[in-house]
Structures are given as structure tokens and as C-alpha cells.
Amino acid sequence: AQKITQTQPGMFVQEKEAVTLDCTYDTSDQSYGLFWYKQPSSGEMIFLIYQGSYDEQNATEGRYSLNFQKARKSANLVISASQLGDSAMYFCAMREGRGSNYKLTFGKGTLLTVNP
Amino acid sequence: SAVISQKPSRDICQRGTSLTIQCQVDSQVTMMFWYRQQPGQSLTLIATANQGSEATYESGFVIDKFPISRPNLTFSTLTVSNLSPEDSSIYLCSVETLQGGTDTQYFGPGTRLTVL
């Protein structure tokens with residue numbers, strides 16, 4: 001089974017509107033972390049937001065928020081007030097393990113296009 | 001966050017040759033990671049490099065093909081050997097740092113490799 005599932009290969013949103021990018025995960029660990037990264041066409045991976053499995057509050061970073069539903073094993077990214085510069089690939093990733101067993105597994109990504 | 005640089009940023013290589021990619025971090029880190037991103041795909045972990053020990057390779061990746069060095073806590077190299085067109089990818093290094101109490105992975109800008 002896939003560890004990280006992003007079911008939306010592509011999403012479109014109008015500038016200034018909000019958009020939700022879906023991510024579900026599969027793990028038997030009690031302690032894990034969930035990340036979202038943005039990859040523009042330049043290829044760099046930009047860290048956006050992190051949610052720990054024990055965090056009770058949903059993470060927020062500026063216009064980014066993470067809708068964490070632990071029982072459903074989902075960690076959706078919400079981008080508010082979309083901007084043209086938000087057009088990029090977005091990857092959800094999960095951290096499992098510690099120390100030498102640390103592993104970060106990525107989903108297949110969602111290509112977001114923001115329309116003017 | 002950590003500042004990570006990679007050299008070269010891109011290269012075009014002939015089949016059968018090798019390319020060595022350098023990764024430099026602006027602070028000392030215990031764990032460094034090397035990823036491959038094939039065209040249109042997500043990131044796949046190649047290996048984890050800890051200073052002073054052999055790199056740990058993921059399934060499907062072997063040391064003969066992807067030798068890694070980690071001479072100190074701020075530097076690592078990845079060599080892609082005996083190149084074939086299938087090795088054309090973006091190669092990214094990343095480091096794990098503690099940011100606001102959270103283990104976060106930050107990525108370098110990547111190296112775009114094209115094999116002819």
C-alpha cells in the first residue's frame with residue numbers, strides 16, 4: 001500500500017480564492033510527522049508546513065494551514081488567498097522513525113495552477 | 001533553517017561516464033540525505049549519509065552505482081557512476097535540522113542531470 005496518497009494530479013484555482021490539496025497517509029507508527037513542500041518549475045523543494053502526530057492544534061504558517069484529521073489519516077494543505085506565484089507542484093511527505101531509521105516518504109504530488 | 005548549496009546546478013554527461021555532485025551546508029548536521037527525482041515523478045530516497053559511517057542505501061540503490069562520501073558534518077558528495085539515459089533526473093540533497101522543536105528536512109536547489 002502507498003504510504004502517502006495525493007489523489008489530485010492537478011488542481012486549478014482562481015487568484016485570491018482558497019484551495020485545498022488532499023493528502024492521506026498510512027502508518028502504524030504512533031509518532032510521525034507530516035510535511036508539505038512546494039516545488040516550482042525551478043526544481044527546488046521549499047518547506048511549507050509541518051504537523052506532528054501528537055500536535056493537537058492544526059499547523060499554520062502564513063497563508064498555509066494544515067487540516068489534520070488523525071482518525072481519517074488525512075493531512076490536507078489549505079492555501080488561502082491564492083497568488084499567481086503559488087503555481088507549482090506540491091508534495092505531501094511523511095516522516096517515520098528516528099535516528100538511523102529516519103525516513104521521509106513523498107506522495108506523487110499535485111500540480112496547482114493559479115489562474116488570474 | 002539550513003542554507004544548502006549544490007554543485008553543479010546542472011550538467012550534461014555522456015553515457016558511461018560519472019558525475020559527482022557536491023552538497024554543502026552552512027551548519028553542522030548529523031544526517032544528510034540524497035534523493036532522486038526522475039522526470040515528472042516524486043522524490044525517491046537514495047541513501048542516508050551520516051558522518052563517520054557508511055551510507056545506508058534504500059532498496060534498489062547500490063553503493064557501486066551511487067557511492068557517497070561524508071567527510072565532515074557540513075559536506076557530502078554523491079557520485080552517479082556508469083551513466084545511462086535512465087539516470088537523467090534531478091538529484092537533491094537534504095539535511096535534517098531542529099527548527100522550533102521540530103525535525104525538519106530542508107533541501108538543496110538540486111542538480112539537473114541529463115545523460116546523452
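Residues numbered from 1 in each chain as written. Chains lettered and ligands numbered in written order. Predicted model: local features only at pLDDT ≥ 70, side-chain atom pairs only at ≥ 80, totals over all residues. Heavy atoms only, no water.

Draft legend 1. The overall build of chain B, seen in detail. When helices and strands are tallied, chain B shows 0 helices and 11 strands. Helices and strands appear in chain B in the N-to-C order β-β-β-β-β-β-β-β-β-β-β. What you see for chain B is a C-alpha radius of gyration of 14 Å, in line with the 13 Å of a compact globule of 116 residues. With respect to the principal axes defined by its C-alpha atoms, chain B has extents near 45 × 25 × 25 Å. Here chain B holds 116 residues, and the buried ones make up 54% of them. Partitioning the intrachain contacts of chain B with sequence separation of at least 6 by distance along the chain shows that 53% fall at a separation of at least 24. Of the accessible surface of chain B, which amounts to about 5,400 Å², a share of 47% is contributed by carbon and sulfur atoms. One finds the centroid of the 7 positive side-chain charges in chain B at a distance of 10 Å from the centroid of its 9 negative side-chain charges. (Helix = DSSP H or I, 4+ residues; strand = E, 2+ residues; numbered from the N terminus. Rg over C-alpha atoms; globule rule 2.2 N^0.38 Å. Buried < 20%, exposed > 50% of the residue type's maximum accessible area, 1.4 Å probe, protein only. Contact = heavy atoms within 4.5 Å. Areas by Shrake-Rupley, 256 points an atom, 1.4 Å probe, with all protein chains shown as cover. Lys, Arg positive; Asp, Glu negative; His and termini not counted. Charge placed at Lys NZ, Arg CZ, Asp CG, Glu CD.)

Draft legend 2. Region of the structure containing the sheet that holds strand E3 (residues 19-25) of chain B. Residue and element names in this part refer to chain B. The strand order across the open sheet built from 4 strands is E1-E3-E8-E7, with neighbouring strands paired in antiparallel fashion. The open sheet has two free edges, formed respectively by strand E1 (4-7) and strand E7 (68-72), since each of these has just one partner strand. On average, adjacent strands in this sheet sit at an angle of 15° to one another, irrespective of strand direction. Here E3 runs beside strand E8 (residues 75-80); their pairing, made up of 6 bridges, is antiparallel. Within E8, the position partnered with Cys-23 by the bridge is Ser-76. (Pairing = 2+ DSSP bridges. Axes fitted to C-alpha atoms, helices over the stretch in contact; angles between N-to-C directions.)

Draft legend 3. Structural view of the interface of chain B and chain A. On the side of chain A, 20 residues touch chain B, which itself brings 18 residues to the contact. Both sides together, the interface formed by chain B and chain A hides about 1,600 Å², and carbon and sulfur atoms give 55% of it. Along the contact surface separating chain B from chain A lie 1 salt bridge. Glu-58 of chain B is the partner of Lys-103 of chain A in a salt bridge, and the nearest nitrogen-oxygen pair spans 2.8 Å. (Buried area = accessible area lost by both parts, 1.4 Å probe. Salt bridge = Lys/Arg side-chain N within 4 Å of Asp/Glu carboxyl O.)

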